[in-house]
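An overview of the molecular structure
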Amino acid sequence: MPIIELHTTIDSDIKTCFDLARDVDFYQKNLKHSKEIALAGRTTGLVELNDYVTWEANYMGFVQHLTLKITEFEAPNLFVDELAFGAYKSYRHEHLFRESDDKTIMTDRFYFELPYGILGKFVNWIFLKSYMTKLLKTRNSFLKEKAESL
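Reading the values: rules and limits
Residues numbered from 1 in each chain as written. Predicted model: local features only at pLDDT ≥ 70, side-chain atom pairs only at ≥ 80, totals over all residues. Heavy atoms only, no water. Pairing = 2+ DSSP bridges. Helix = DSSP H or I, 4+ residues; strand = E, 2+ residues; numbered from the N terminus. Axes fitted to C-alpha atoms, helices over the stretch in contact; angles between N-to-C directions. Contact = heavy atoms within 4.5 Å.

1. What about the pairing of strand E5 (residues 78-85)?
- With 7 bridges joining them, strand E4 (residues 62-74) and E5 adopt antiparallel strand pairing. Following the sheet pairing, Glu72 is matched in E5 by Val80.
- Here E4 folds back onto E5, and the loop between the two strands holds 3 residues.
- In this sheet, strand E6 (residues 90-100) lies alongside E5 in antiparallel orientation, the contact comprising 5 bridges. By the bridge assignment for E6, Leu78 is matched with Leu96.

Dropping the structure here:
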């Protein structure tokens, strides 16, 4: 199963970073290019444990609907969203936060796998991993910029 792990150092407090990362409105506003829209469940505000969000997104030219559930939540250090329904065989995104020298280190661990056997594995490694890495880096860049401006 492919995994993406990113570390972002942010010159801001941990609570600000944690809250921005779980803010549905902030997420939608800053990922307009992939046309991500929260359609059902928690469609605004901050996600909490056991919340569901159904997203419509345009990934690599394909419109997809993904329902994610917040399965773990330990403010302000961790929250995890996992696939409840959608096109992935598996999907788990761990959002981890820790303080270090008056900064916040935000770590994303994103595990994913497409169905479709060997074809799915090929798409995972050749296309999807690089696309999702770029998407996460873009989101993290917006989060860093906003958190450091507050």
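2. Observations concerning the sheet that holds E4
- In space, the 7 strands of this open sheet follow the order E1-E7-E6-E5-E4-E3-E2, with antiparallel pairing throughout. Among the strands making up the open sheet, the edge pair consists of strand E1 (3-10) and strand E2 (37-41). Averaged over all pairs of adjacent strands, the angle between their axes in this sheet comes to 25 degrees, without regard to strand direction.
- Sheet topology places E6 next to strand E7 (residues 103-113); 11 bridges connect them, and they run antiparallel. Within E7, the position partnered with His95 by the bridge is Asp108.
- Where helix H1 (residues 14-21) meets the sheet, it contacts E1, E4, E5, E6 and E7, and its direction lies at approximately 165 degrees from that of E6.

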